[in-house]
Amino acid sequence: MSQIRSPTRPRPNGQLSYLDRLEAEAIHIFRETVAECRNPVFLYSIGKDSSVMLHIALKAFFPAPPPFPFLHVASGWDFADMIRHRDSMVARHGLQLIVAHNAEAAAAGVNPFTTPTPEYTRLMLTEPLKRALDQHGFDAAFGGGRRDEERARAKERIFSFRTSNHVWNPKGQRPELWNLYNARLHKGESVRVFPLSNWTERDIWNYIAREKVPLVPLYLARERQVVRRDGLLIVVDDDRMQFRPGERPFRHKVRFRTLGCWPLSAAIESEATSIEDILAETAASQVSERAGRLIDHDPSASMEHKKAEGYF
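Residues numbered from 1 in each chain as written. Predicted model: local features only at pLDDT ≥ 70, side-chain atom pairs only at ≥ 80, totals over all residues. Heavy atoms only, no water.

**Student:** Help me out: how do you make sense of the sheet that holds strand S5 (residues 159-162) in this one?
**Tutor:** Pairing between sheet strands relies on hydrogen bonds along the backbone, with the strands arranged either parallel or antiparallel. Pairing in this open sheet of 6 strands is mixed, and the strands run S3-S2-S1-S4-S6-S5 from one edge to the other. Edge positions in the sheet fall to strand S3 (97-100) and S5, since each has one partner strand and no second. Strand-to-strand twist in this sheet, taken as the mean axis angle between neighbours without regard to direction, amounts to 30 degrees. Note: S5 against strand S6 (residues 190-193), 4 bridges, orientation antiparallel. Pairing of Ser 160 across the sheet is with Arg 192, part of S6. The strands touched by helix H2 (residues 48-60) within the sheet are strand S1 (40-43), strand S2 (70-73) and strand S4 (140-142), with S1 carrying the most contacts at an inclination of about 140 degrees. In the packing of helix H5 (residues 117-136) onto the sheet, the strands contacted are S1, S2, S3, S4 and S6, and the crossing angle to S2 comes to about 150 degrees. (Pairing = 2+ DSSP bridges. Helix = DSSP H or I, 4+ residues; strand = E, 2+ residues; numbered from the N terminus. Axes fitted to C-alpha atoms, helices over the stretch in contact; angles between N-to-C directions. Contact = heavy atoms within 4.5 Å.)

**Student:** When you look at H5 in this model, what are you seeing that I'm missing?
**Tutor:** One turn of an α-helix holds 3.6 residues; hence residues three or four places apart share an orientation. In this model, H5 (20 residues) spans 28 Å end to end at C-alpha, consistent with the 28 Å of a helix rising 1.5 Å per residue. The sharpest bend along H5 reaches about 30 degrees and sits at Thr 126, with the proline Pro 128 one to four residues further on. Just downstream of H5, Gly 137 is the residue with a positive phi angle, here 70 degrees. (Expected span 1.5 Å × (residues − 1). Bend = angle between axes of the 7 residues up to and from the residue.)

**Student:** Even after reading the chapter, I still don't get the sheet that holds strand S10 (residues 266-269), so can you show me in this structure?
**Tutor:** Pairing in this closed barrel of 4 strands is antiparallel, and the strands run S7-S8-S10-S9 around the ring. Strand-to-strand twist in this sheet, taken as the mean axis angle between neighbours without regard to direction, amounts to 70 degrees. Inspection of the sheet shows strand S7 (residues 222-229) paired to strand S8 (residues 232-235) by 4 bridges, in the antiparallel sense. Across the sheet, Val 226 pairs through a bridge with Val 235, a residue of S8.

**Student:** Can you help me understand the nonpolar core in this one?
**Tutor:** Note that soluble globular proteins tend to have their nonpolar side chains buried in a common cluster. Residues Phe 30, Phe 42, Ile 56 and Phe 159 are the most contacted members of the largest nonpolar core, which totals 71 residues. Top contributing element to this core by residue count: H2, with 7 residues. Not counting the four nearest positions on each side in its chain, Ile 56 is found in contact with Glu 23, Ala 26, Ile 27, Phe 30, Leu 196, Trp 199 and Tyr 207. Core analysis: the second largest hydrophobic core is formed by 12 residues, Val 41, Ala 100, Leu 125 and Leu 133 among them. (Core = buried A, V, L, I, M, F, W, Y, C linked by side-chain atoms within 4.5 Å. Buried < 20%, exposed > 50% of the residue type's maximum accessible area, 1.4 Å probe, protein only.)

**Student:** Just checking my understanding: could you explain the pattern of salt bridges for this structure?
**Tutor:** Between side chains of opposite charge, a pair can form when the charged atoms approach closely. Counting across every chain of the model gives 20 salt bridges. Among the ionic pairs, Arg 257 bridges to Glu 201, the shortest N-O distance being 2.7 Å. One end of the pair, Arg 257, is in the loop between strand S9 (250-255) and S10; the other, Glu 201, is in helix H7 (residues 201-211), with 56 residues separating them in the sequence. A relative accessible area of 8% means that Glu 201 is categorised as buried. Glu 211 is the salt-bridge partner of Arg 210, the closest N and O atoms lying 3.0 Å from each other. With relative accessibility at 31%, the residue Arg 210 sits in the partly exposed group. Classification of Glu 211 by relative accessible area gives buried; the value is 6%. What emerges from the salt-bridge pattern is a single network uniting Asp 20, Glu 23, Lys 59, Arg 210 and Glu 211. (Salt bridge = Lys/Arg side-chain N within 4 Å of Asp/Glu carboxyl O.)

**Student:** Mind showing me how you'd approach the environment of Asp 230 here?
**Tutor:** Along the polypeptide, Asp 230 turns up in the loop between S7 and S8. Polar side-chain contacts of Asp 230 include one of 3.2 Å to the side chain of Arg 244. (Polar contact = N/O pair within 3.5 Å; in protein donor to acceptor, adjacent residues only side chain to side chain.)

Below is the structure:
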């Protein structure tokens, strides 16, 4: 179990380790945002990056709790393990949780099986996020995006500015020199803040190993019920699974590198049952961690297009 402690202090020689420097940068970003912005919020996706970000946020304001609420955009198709982990973390740390959900779209039958993926993403993820940000008047939103994940994310600044309609213009971002961040906003504008921008997937796992960060168990390999669809392994998380003709579920040892809505998140074959195993597997992988995110596979719904619409 992780133990929240004050941030790492320099070694006797005055030097910080590589992970300590990344942690210190993220803590600085958290504190700077809270100091400069009126009403920040933490976008809690419950994945590994979000879990690392929560751990650092707890450190940044220790021994006080983080001075902002936590927002989870729940599509209704979240893995059951993710919801259990979310509720456990909220209870353990006394977090203020806000859950955003597009109940109208769900009632109208929008789902990840029959709704085109770009439309599903817009209705169940982007629109409830924008609605929640507007409803609560949040002017800054912390997210766990990293530049190494995907090309559009590589264009993000640490402070990524959005218009009053939550539109992102990659050509209209502000310079960030010497770790100085300009958080001045006009009325209605907001900023997405990425404390883990400079981290890599391997950095995340090294930090999780060092700090013993609590994680959703889906990241560790075990036998799960899956179907093979379009060459990918989809875990059957509940009885709402819509099987295609000829599909039959079977047991297979798998884990996840990235998490989202369970019908749109592919697992990978794996024997990695520990963080050390995952580090070795990650070092040998030649495939992007987001290769299993089906929402990224539709060329008409590129990440840059989704982000321009307000997706995180």
